[in-house]
Amino acid sequence: MVQNLDYLKETASQTAGPYVHIGLIPKQAGFDIFENNFTNILADENTRGERIIIEGRVIDGTGTPLRDALLEIWQANADGRYNNELDRQTSGKIDDDFRGWGRTGTDFDTAVYRFETIKPGVVAGRNNRDMAPHINFWIVARGINIGLNTRMYFADEADKNANDPVLNLIEQHERRKTLIATRDDSGPIPVYRFDIILQGDGETVFFDI
Amino acid sequence: MEFYQRDRTLQPAGYAPIYKTSVARSPRQSLLSLQGSLSEITGPVFGQNELGPLDNDLIRNYAKDGDPIGERIIVHGRVLDENNRPVPNTLVEFWQANAGGRYRHKKDTYLAPIDPNFGGCGRALSDENGYYFFRTIKPGPYPWRNYVNSWRPAHIHFSVFGSGFAQRLITQMYFEGDPLIKECPIVHVIPDEDAINRLIAPIDLKGSVPLDTIAYKFDIVLRGRRSTLFENRLEGN
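Counting starts from 1 at the beginning of each chain's written sequence and moves along it residue by residue. To read the labels, note that chains go from A and ligands from 1, taken in the order they are written. Side-chain atom pairs in this predicted model are given and counted only at pLDDT of 80 or more, local residue features only at pLDDT of at least 70, and totals for whole chains, interfaces and linings cover all residues. Each side-chain value is worked out from all heavy atoms of the structure, with water and hydrogens disregarded.

### Considerations on the overall build of chain B
A run of H or I in DSSP counts as a helix once it spans at least four residues, and a run of E counts as a strand once it spans at least two, with each numbered from the N terminus. Along the backbone of chain B there are two helices and twelve strands. In chain B, the succession of α and β elements from N to C terminus is β-α-β-β-β-β-β-β-β-β-α-β-β-β. Restricting the calculation to C-alpha atoms gives the radius of gyration, and the globule rule supplies 2.2 Å times the number of residues raised to the power 0.38. For a compact globule of 237 residues, the expected C-alpha radius of gyration is about 18 Å, and chain B comes in at 19 Å, within 12% of that figure. In terms of overall dimensions, chain B has C-alpha extents of about 60 × 40 × 35 Å along its principal axes. Accessible area is worked out with a 1.4 Å probe on protein chains only. A residue is then buried under 20% of its type maximum, exposed over 50%, and partly exposed in between. Split into buried and exposed, the 237 residues of chain B put 56% on the buried side.

### Let's talk about the interface of chain A and chain B
Contact criterion: two residues are considered in contact whenever any of their non-hydrogen atoms come within 4.5 Å of each other. Taken together, the contacts link 79 residues of chain A with 92 residues of chain B. When the buried surface of chain A facing chain B is broken down by residue, Glu10, Gln14 and Arg126 of chain A rank first, second and third, together holding 12% of it. When the shortest N-O distance is used, the salt bridge between Glu50 of chain B and Arg99 of chain A registers 2.8 Å. Elements represented by at least two residues in the side of chain A that touches chain B include exactly helix H1 (20-24), helix H2 (26-29), strand S3 (70-75), strand S4 (101-105), strand S6 (123-124), strand S8 (134-140), strand S9 (148-154) and strand S13 (207-208) of chain A. Looking at the side of chain A that touches chain B residue by residue, the class counts come to 40 nonpolar, 23 polar and 16 charged. Any two strands with at least two DSSP bridges between them are considered paired. Judged from the two bridges that link them, S13 of chain A and strand S1 (residues 32-33) of chain B form a sheet pairing that is parallel. Residue pairing in the sheet places Phe207 of chain A in a bridge with Leu32 of chain B of S1 of chain B. Here the buried area means the combined drop in accessible surface, using a 1.4 Å probe, for two parts upon being joined, counting both sides. For this analysis, a salt bridge means a side-chain nitrogen from Lys or Arg found within 4 Å of a carboxyl oxygen belonging to Asp or Glu. Under this grouping Gly is polar, as are all residues other than the nonpolar Ala, Val, Leu, Ile, Met, Phe, Trp, Tyr, Cys and Pro and the charged Asp, Glu, Lys and Arg.

### Describing the sheet that holds strand S3 (residues 91-95) of chain B
Residue and element names in this part refer to chain B. One open sheet accounts for five strands, arranged S4-S3-S8-S9-S10; its pairing is mixed. Two strands lie at the open edges of the sheet, namely strand S4 (121-125) and strand S10 (200-201), each paired on one side alone. With four bridges connecting them, S3 and strand S8 (residues 155-160) associate as antiparallel partners. Each residue of the ladder has a partner; that of Glu93, found in S8, is Ser159.

### Remarks on the pattern of salt bridges
All told, the structure shown has 33 salt bridges over all chains when counted by the stated rule. A salt bridge links Asp87 of chain A to Arg81 of chain A, with the nearest nitrogen and oxygen atoms 3.3 Å apart. Each of the two residues, Asp87 of chain A as well as Arg81 of chain A, counts as buried. Of the charged contacts in the structure, one is a salt bridge between Asp108 of chain B and Arg102 of chain B, with a shortest N-O distance of 4.0 Å.

### What to know about the environment of Tyr4 of chain B
Tracing the backbone through its elements, the reader meets Tyr4 of chain B in the segment before S1. Distance in space between the C-alpha atoms of Tyr4 of chain B and Arg78 of chain B is 20 Å, their sequence separation being 74 residues. Ignoring any residue separated from it by four or fewer positions in sequence, one finds Tyr4 of chain B in contact with Tyr7 of chain A together with Glu82, Asn83, Arg223, Gly224, Arg225 and Arg226 of chain B. Between N or O atoms, a polar contact is any pair within 3.5 Å; within protein, one atom must be a potential hydrogen donor and the other a potential acceptor, and residues adjacent in sequence are included only when both atoms are from side chains. A distance of 2.6 Å separates the side chain of Tyr4 of chain B from the side chain of Asn83 of chain B, its partner in a polar contact.

### Describing the side chain of Asp57 of chain B
Tracing the backbone shows Asp57 of chain B in the loop between helix H1 (38-41) and strand S2 (72-81). Of note is the side chain of Asp57 of chain B, whose polar atom sits 3.1 Å from the backbone nitrogen of Ile59 of chain B.

### Some thoughts on unusual backbone geometry
Although it is not a glycine, Asn127 of chain A adopts a positive phi angle of roughly 55°. Along the chain, Asn127 of chain A turns up in the loop between S6 and strand S7 (130-131). One non-glycine residue with positive phi stands out, namely Leu211 of chain B, at about 65°. You can see Leu211 of chain B is positioned in the loop between S10 and strand S11 (214-217).

### Things to note about the nonpolar core
In this structure, Ile22 of chain A together with Trp95 of chain B are the most contacted members of the largest nonpolar core, which totals 48 residues. Where this core is concerned, the elements lending two or more residues are H1, S3 and S8 of chain A together with H1, S3 and S4 of chain B. It is H1 of chain A that contributes the most residues to this core, three residues altogether. Those residues within four positions of Ile22 of chain A in sequence are excluded, and the remaining contacts are Ala29 and Phe31 of chain A together with Trp95, Tyr103, Arg104, His105, Gly119, Gly120 and Cys121 of chain B. As used in this record, nonpolar core signifies buried Ala, Val, Leu, Ile, Met, Phe, Trp, Tyr and Cys residues forming a set joined through side-chain atoms within 4.5 Å. Ala16, Tyr19, Leu58 and Phe218 of chain B belong to the second largest nonpolar core, which has 39 residues in total.

Structural data, given as structure tokens:
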């Protein structure tokens, strides 16, 4: 006999279901209840950095966009710092006007999601290898049993992307581009388009983090 | 510090044909295993000042001309990690159907009535011991189209953050003694019977308010962080 390992076990995940909006974004469910709502707007007028919009869809294995998905993003600020005490990088500064987190649902009609934020900076990766600017995504919905994690990178950062330690872990080069958002400069604020393909041709790379 | 690798034997697979909607919405390729970097070990921080005084009282937070119909209950417990340490100051959000099994949601068309005094959502921040609590009414079971005669057991949805984005979790709490639990395809996407049982909250008479509100206790366990110091350099500086 040996001693027991006394670790607890992680609670099992369950689907967020079709009515996830009630709990997390009640205005989209159709009612107003909280004084303070969490939204898809991450930056205010004082936030440092380049304003950007991220838009896209979440597409299932039949090619149909989900109209009931919920997405959250988590990102570093323009200096590449996360607004969290566990980020002990010595370069750059925390931006008190940027939490770095937001959430939204895909639209019930258009199936498009949208975030208004700033472009993040380079973040130090493991073993002193810089990570290219990126935004961490978490996707839940009816039919998704456990939240899906992925990352969005920026098409206009080709050199940094080529050296990114995470993109380089993806064995099939063709699949790396599933994480790279294209940039559209035709409007007043640059729009990055990032579709997430849950299954099949062009399936997005998801991570077990 | 980085997190322990997630134990996928306790978690549902993405593709679970008994839950039909998962078939077209689950990746076919394997997830790419990633060691933790700053992007995964950090996460958003929330403060009590972001919550309203009634946010954890679903009996009152949408009441218009009286209390909602239903059994008055308290749900309380702790947010812990795999190291059996409390997860303090973390945001816990919850949502549910009303006593008749109907959600206040523009896409819910079930014929049970909306309760004019019940919104069905709330949120709380765990305290320094990881403790959270809220008051609500017990949700009802309801039918859904998986098989034509599928019924969800009564449940409350939970969303929990933890201190790092890799701990992010959504789950559902079930109620002790509900005979629909054993029939539910969504419950049974979880491959481990003990893991299912850990989603079932027992009645907690000690937590109840006599002659007023009965309590259920529901602890939530998030992933734990490594504490051994011998490792390659995570933060790169």
